[in-house]
Amino acid sequence: MTLLAIETSCDETSAAVVQSGRVLSNVVASQIQLHSEYGGVVPELATREHVRNLMPVTRRALREAHVMVAELDAVAATRGPGLPSALMVGLKAAQGLAFALRKPFQGIHHHEAHLYSPWIGGSPPSADFNAFRPNVSLVVSGGHTMLVHVEGELKHRLLGSTVDDAAGECFDKVAKLIGLAYPGGPALEKLATEGNGQAFAFPRPMLQEANDDFSFSGLKTSVRYCLRDNPKILSDGQRIRDLCASVQAAIVEVLVTKTLRAAERLKVGWVTASGGVTCNQALRQELAAAVRRAGLRLRLAEKSLCTDNAAMIGVLAERKLLAGESPSPLDTEIAANWALVETA
Ligand code: KG4
Ligand code: ZN
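The sections below set out a description of the structure shown in this document. Every chain is numbered independently, its residues counted from 1 as its sequence is written. Following the order in which they are written, the chains are lettered starting with A and the ligands numbered starting with 1. Residues qualify for local features only when their pLDDT is at least 70, as the model is predicted, and side-chain atom pairs are given and counted only at 80 or more; totals for whole chains, interfaces and linings, by contrast, use all residues. Excluding hydrogens and water, the side-chain values take into account all heavy atoms of the structure.

### Details of the environment of Phe132
Here a helix means four or more residues in a row that DSSP labels H or I, a strand means two or more in a row labelled E, and each is numbered from the N terminus. Here Phe132 is to be found in the loop between strand S7 (126-127) and strand S8 (135-140). Linking Phe132 and Glu153, residues 21 residues apart in sequence, is a C-alpha distance of 7.4 Å. If near-sequence neighbours (up to four positions away) are discounted, Phe132 is found in contact with Tyr116, Trp119, Val150, Gly152 and Glu153. It only takes one pair of heavy atoms within 4.5 Å for two residues to be counted as in contact.

If you want it as structure tokens, here you go:
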């Protein structure tokens, strides 16, 4: 099967061509530059950029894959969750193309796609479903932090999620407090690499609670109070680096500890992780070390597939169609608040 996938849920316009699990192309046009001026994603601007970029990005994905539109067997797009008007651009374009080609259309849940991105690897990238094993999956993006029990292919159960700020949001908000541009996560990590992660004792929210939920707004508030009470930190380069390292250490410890606890409780042999925050090297290393100590195995999404991309949408859509799942009706609407519901 040759499938075109489109992703426009937030601030990346992406199109990918997937063929029998192989990612033939995965073009991503990021809008980070545009939004950084405003300190966050501006939905109207994001939508306008998607409209502007979708056709060139899609044409390039087809060209790089050496696939003609007429050769497509199916079309897929992210249906939700995400920014409503941004989702609409990709979903409606994909449905229009499927209608014109008289081919099946598949509307995909963005986070369900993240769950399978760690199984895509190699060069050129390919989805290795033969290697798939039941796992506990950590999905950490700008807007979501969740733990999911992926019991089998296309079978998952949400274990817990963030009750307020997501981990990426916490990185971004703390970065803003110290004057870094949006999205602050990568810039904060850069400073953290030269800092002492034990210099500040920031809270580890919900670490001790017997559930799989997360909460990071208290951590952000604690950083705010720390800076209010010790404003000199902001003019001391090393203290800023120590603060960044300490915030990162707190976030990473919570994410790693709760992920491992869920994996051990559910007796799965594998842990996986994906989403923008999984680009963070400290998280990658700590997760790898903890998984090794526990005698488990780890699949981390490759960095290029951690952030939003259409390849993961295409891989999941193709898997669903090949597994006999019904295509989505061509008038399916977006689902901006689509919850990751349990699959049978
Ligand atoms: O998955 P993603 O690209 O977009 C959403 O769907 O939200 O994730 C973006 C988030 C941002 O909060 C960004 O600051 C964070 O991922 N992020 C990082 C790093 N790279 C991206 N956070 C910490 N360290 C990084 N290296
Ligand atoms: Zn995402």
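Back to the text.
### Considerations on the nonpolar core
In this description, a nonpolar core means a group of buried Ala, Val, Leu, Ile, Met, Phe, Trp, Tyr and Cys residues linked to one another through side-chain atoms lying within 4.5 Å. Whether a residue is buried, partly exposed or exposed follows from its accessible area with a 1.4 Å probe, protein chains only, as a fraction of its type maximum: under 20%, in between, or over 50%, in that order. In terms of nonpolar packing, the biggest core is built from 47 residues, with Leu138, Phe202, Phe216, Leu243, Ile251 and Leu255 touching the most fellow members. Elements that contribute at least two residues to this core include exactly S8, helix H5 (167-177), helix H6 (184-192), helix H7 (217-229), helix H8 (237-266), strand S11 (270-274) and helix H9 (281-293). Sort the elements by how many residues they give to this core and H8 lands first, with 14 residues. With near-sequence residues (within four places) excluded, Ile251 lies in contact with Ala167, Cys170, Phe171, Phe216 and Leu219.

### Some thoughts on the coordination of the zinc ion (ligand 2)
Protein-derived ligands of the zinc ion (ligand 2) are His110 (NE2), His114 (NE2) and Asp308 (OD), with the metal-ligand distances lying across 2.1 Å. As a rule, N, O and S atoms within 2.8 Å of a metal are its donors, except that Na, K and Ca use 3.2 Å; water is not among the atoms, so sites may look incomplete. Mapping the donors of the zinc ion (ligand 2) onto the primary sequence gives the spacing H-x3-H-x193-D. Remark: His114 and His110 occur in helix H4 (residues 110-116); sequence separation between them is four residues, near one turn of the helix. Each of the two residues, His110 as well as His114, counts as buried.

### Focus: the site of ligand 1
In the vicinity of ligand 1, 17 residues are found, and the nearest of them are Gly142, Asp172, Glu189, Gly276 and Asn280. What qualifies as a polar contact is a pair of N or O atoms within 3.5 Å, subject to a donor-acceptor requirement within protein and to the restriction that residues adjacent in sequence count only when both atoms come from side chains. Within the contact set of ligand 1, a nitrogen atom lies 2.6 Å away from a side-chain nitrogen or oxygen of Glu189. The contact in question runs from an oxygen atom of ligand 1 to an N or O atom on the side chain of Asp308, over 3.0 Å. About the coverage of ligand 1: the protein hides 88% of its 560 Å² of free accessible area. Here ligand 1 occupies the largest pocket. Sorting the residues of the shell around ligand 1 by element identifies H5 and H6 as the ones contributing at least two each. Each residue gets one of three labels, nonpolar for Ala, Val, Leu, Ile, Met, Phe, Trp, Tyr, Cys and Pro, charged for Asp, Glu, Lys and Arg, and polar for the others, Gly among them. Across the shell around ligand 1, the residue classes tally to five nonpolar, nine polar and three charged. Any residue with a heavy atom lying within 4 Å of a molecule or strand is counted as near it. Reported accessibility uses the Shrake-Rupley method at a 1.4 Å probe radius. Residues are deemed covered only where the shown protein chains occlude them. In the cavity and pocket records, a cavity denotes points on a 1 Å grid over the protein atoms alone where a 1.4 Å probe fits but cannot get out, a pocket denotes an open set with protein on both sides within 12 Å along at least 5 of 7 lines, and lining residues are residues with an atom within 4 Å of a point. A pocket or cavity is taken to hold a molecule when more than half of that molecule's atoms are within 2 Å of the pocket's grid points.

### Some points on the pattern of salt bridges
Throughout this description, the term salt bridge denotes a Lys or Arg side-chain nitrogen within 4 Å of a carboxyl oxygen of Asp or Glu. Using the criterion set out here, one finds 13 salt bridges in the structure. Residue Glu49 pairs with Arg52 through a salt bridge whose shortest N-O separation is 2.7 Å. Separated by three residues within a single helix, Glu49 and Arg52 lie in helix H2 (residues 43-65), roughly one turn from each other. In this structure Glu49 comes out as buried when scored by relative accessible area, which is 13%. Ionic pairing is found between Lys220 and Asp165, a salt bridge with its closest N-O pair at 3.2 Å. Here Lys220 is found in helix H7, whereas its partner Asp165 is found in the loop between strand S10 (155-161) and H5, with 55 residues between them in sequence. In this structure, Lys220 and Asp165 share a single accessibility class: buried. Connected via shared salt-bridge partners are Asp165, Glu169, Lys173 and Lys220.

### Observations concerning the environment of Val254
Within the secondary structure, Val254 is located in helix H8. Those residues in contact with Val254 that lie beyond four places of it in its chain are Arg204, Pro205, Leu207, Phe214 and Phe216.

### Focus: the layout of surface pockets
Its boundaries defined by the atoms lining it, the largest pocket holds a volume of some 1,100 Å³. Surrounding the largest pocket, 41 residues form its lining, Ser141, Gly142, Gly143, Asp172 and Tyr182 being those nearest its centre. Among the elements that line the lining of the largest pocket, the one with the most residues is H5, at seven residues. In terms of residue class, the lining of the largest pocket is made up of 15 nonpolar, 18 polar and eight charged. Grid points are joined across faces, edges and corners, and a volume is the space filled by probe spheres set on the points. Empty space within the second largest pocket amounts to approximately 410 Å³. Gln248, Ala249, Val252, Ala282 and Glu286 are, among the 20 residues lining the second largest pocket, the residues nearest its centre. Mapped onto the lining of the second largest pocket, the elements with two or more residues apiece are H6, H8 and H9. Of the residues contributing to the lining of the second largest pocket, the split by class is seven nonpolar, eight polar and five charged.

### Observations regarding the packing of H5 against H8
Note on geometry: axes are C-alpha line fits, over the in-contact stretch for helices, and angles between N-to-C directions span 0 to 180 degrees. The contact between H5 and H8 brings their axes to 11 Å, and the two run at 175°. On the basis of their axis angle, the class for H5 and H8 is roughly antiparallel. Contacts between H5 and H8 involve Ala167, Cys170, Phe171 and Val174 on the former and, on the latter, Val247, Gln248, Ile251 and Leu255. Across the contact of H5 with H8, the residue classes break down as seven nonpolar, one polar and no charged. For classification purposes, angles smaller than 35 degrees are called roughly parallel, those larger than 145 roughly antiparallel, those between 65 and 115 roughly perpendicular, and all remaining angles oblique.

### Quick notes on helix H11 (residues 310-322)
The span you would expect from a helix comes to 1.5 Å times its residue count less one. With 13 residues, H11 should reach 18 Å at 1.5 Å per residue; the first-to-last C-alpha distance of 18 Å fits that figure. Burial of H11 is extensive: 11 of the 13 residues sit out of reach of the surface. Listed as buried for H11 are Ala310, Ala311, Met312, Ile313, Gly314, Val315, Leu316, Ala317, Glu318, Lys320 and Leu321. By the N-cap criterion, in which a side-chain oxygen at the helix start approaches the backbone nitrogen of a residue two or three places on, H11 is capped by Asn309, the distance to Ala311 being 3.2 Å. Of the residues one or two after H11, Gly324 is the one with positive phi, at around 90°.

Note that every value here comes from positions in space, so none of it alone points to a role or purpose.
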